[in-house]
Amino acid sequence: MDRYAVIGNPIAHSKSPRIHAAFARQTGQTLEYSTLLAPLEGFVTAVENFRSAGGRGLNVTVPFKLEAFALASQRSPRAEAAGAVNTLTFRADGIHGDNTDGAGLVRDLTTNLGCTLAGRRVLLLGAGGAARGALLPLLQAAPSSLTLANRSADKAVALAESFRPSANGTMLSAGGFPDLAGQQFDIVINATAASLSSEAPALPTGLYAPGALAYDMMYGKGDTAYLATARAEGVTHLADGLGMLVEQAAESFLLWRGVRPNTGPVLADLRRELSAA
Ligand code: ATR
């Protein structure tokens, strides 16, 4: 049986095994997908053991995405752009590293939420790994502008500069949160870690254009702290990152198995369960 796993630390609460098991059932693929807890200092050894025991591929989560990037002998352009790897595929000629997070975000926005990115004004909040992973796929969707804003403005400016060669026709700008005052956006994506500590980024008010979408890469039961502030400002089109989680998994499944699963029913099941928790 073809074996896959998600490797991380901690890993026990990962939803990935259930998501991939559902994809496998749905597409008639025979595979096993489990969790793999690696010691903080033992990522490479854990990967090598899994590979030599016949493993075919791994999803990689916190805190190992940078180590996975370094370990890969070949990397996709989107992994290079993200500077991180969340999907490893073991091939005869080496370890292939990819990053499906940004593609998962874009697919959730466009396919699940029916949101058009081309020609729209996009605001991306944060300048850490999550924001970096989203930048290339967002630019490839050709928004009219992409504004990067971060609590530490200099980090946002540096990140935007490194993506300028990929901007094509998109107006790319960056700064701190106060610099946003007076601007309006059609799509606002929270890629900061603020929701992890139940905080919302300290944004000026009035950033949301009529009909704007507020999106948080984090998810939980009910609104995240960021989504609650957007709702309080009158935003009615809101989404959390559960769809992104399922879509990045689907992109990995497609890479490994050559077939794209239907994410709708899997996302609906997870949502039902989260609401009932
Ligand atoms: P990740 O890999 O999840 O992106 P990271 O690289 O540690 O995590 O980056 C965390 C991001 O969340 C940063 O953009 C950070 O802002 P700073 O660069 O100013 O530290 C942002 N962040 C964390 N807590 C925040 C908060 N309470 N309000 C606003 N931004 C926050």
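Quick caveat: nothing in here was measured; it's all calculated off a predicted structure. (Residues numbered from 1 in each chain as written. Predicted model: local features only at pLDDT ≥ 70, side-chain atom pairs only at ≥ 80, totals over all residues. Heavy atoms only, no water.)

Turning next to the overall build of the chain. For the chain, the count of helices and strands is 10 helices and 12 strands. Taken over the C-alpha trace, the chain has a radius of gyration of 19 Å; the compact-globule value for 277 residues is 19 Å, and the two agree within 12%. With the C-alpha coordinates of the chain rotated into their principal frame, the extents come out at 55 × 40 × 30 Å. Counting the 277 residues in the chain, one finds 51% classified as buried. Accessible surface computed for the chain: about 12,100 Å², of which carbon and sulfur atoms make up 54%. With 23 positive and 23 negative side-chain charges, the chain shows a spacing of 5 Å between the two charge centroids. (Helix = DSSP H or I, 4+ residues; strand = E, 2+ residues; numbered from the N terminus. Rg over C-alpha atoms; globule rule 2.2 N^0.38 Å. Buried < 20%, exposed > 50% of the residue type's maximum accessible area, 1.4 Å probe, protein only. Areas by Shrake-Rupley, 256 points an atom, 1.4 Å probe, with all protein chains shown as cover. Lys, Arg positive; Asp, Glu negative; His and termini not counted. Charge placed at Lys NZ, Arg CZ, Asp CG, Glu CD.)

Further remarks concern the nonpolar core. Within the largest apolar cluster, 32 residues are counted, with the highest numbers of intra-cluster contacts made by L105, L124, L138, I189 and Y215. L105 has contacts with A134, L138, I189, Y215, M217 and M244, leaving out every residue within four places of it along the chain. (Core = buried A, V, L, I, M, F, W, Y, C linked by side-chain atoms within 4.5 Å. Contact = heavy atoms within 4.5 Å.)

Let us now look at the packing of aromatic side chains. Tallying each qualifying case throughout the model produces 4 aromatic pairs. Grouped by ring-pair contacts, the aromatic residues Y4, Y33 and W256 constitute a single cluster. Cation over ring: R75 sits above F69, and NZ or CZ is 3.9 Å from the ring centre. (Phe/Tyr/Trp six-rings, centres within 6.5 Å; stacked < 30°, edge-to-face > 60°. Lys NZ or Arg CZ within 6 Å of the ring centre and 35° of its normal.)

For the rest of this paragraph, the subject is the sheet that holds strand 2 (residues 31-37). The 6 strands lie next to each other as 2-1-3-5-6-4, forming an open sheet whose pairing is mixed. Each edge of the open sheet carries a strand with a single partner, namely strand 2 and strand 4 (74-75). Bridge count between strand 3 (residues 55-60) and strand 5 (residues 87-91): 3 bridges; the pairing is antiparallel. Of the residues in strand 5, the one forming a bridge with G57 is T89. In the packing of helix 1 (residues 16-27) onto the sheet, contacts are made with strand 1 (2-8), strand 2 and strand 3, and the angle to strand 2 comes to roughly 170°. In the packing of helix 2 (residues 43-52) onto the sheet, contacts are made with strand 1, strand 2, strand 3, strand 5 and strand 6 (94-98), and the angle to strand 3 comes to roughly 150°. (Pairing = 2+ DSSP bridges. Axes fitted to C-alpha atoms, helices over the stretch in contact; angles between N-to-C directions.)

This part takes up the environment of S76. Summarising the element assignment, S76 is placed in the loop between strand 4 and helix 4 (77-82). Setting aside anything within four residues of it in sequence, one finds S76 in contact with H96, G97, D98 and N99.

Let us look at the packing of helix 5 (residues 101-112) against helix 6 (residues 129-140). Relative orientation of the contacting elements helix 5 and helix 6 amounts to 55°, with a least axis distance of 7 Å. Here helix 5 lies oblique to helix 6, going by the angle between them. When the axes of helix 5 and helix 6 are compared, the crossing they make is right-handed. Residue-level inspection shows G102, A103, L105, V106 and L109 of helix 5 in contact with helix 6, the latter providing G133, A134, P137 and L138. Looking at the contact of helix 5 with helix 6 residue by residue, the classes come out as 7 nonpolar, 2 polar and no charged. (Parallel < 35°, antiparallel > 145°, perpendicular 65-115°, else oblique. Left-handed = near helix turned anticlockwise from the far one by under 90°. Nonpolar A, V, L, I, M, F, W, Y, C, P; charged D, E, K, R; others polar.)

With that settled, the discussion passes to the site of the ligand. Around the ligand sit 14 residues, and of these N150, R151, S152, K155 and E199 come closest. Within the side chain of R151, a nitrogen or oxygen atom sits 2.8 Å from an oxygen atom of the ligand. Between the ligand and A193, the relevant distance is 2.9 Å, taken from an oxygen atom to a main-chain nitrogen or oxygen of the residue. Grouping the amino acids of the shell around the ligand by side-chain chemistry returns 5 nonpolar, 6 polar and 3 charged. (Near = heavy atom within 4 Å. Polar contact = N/O pair within 3.5 Å; in protein donor to acceptor, adjacent residues only side chain to side chain.)

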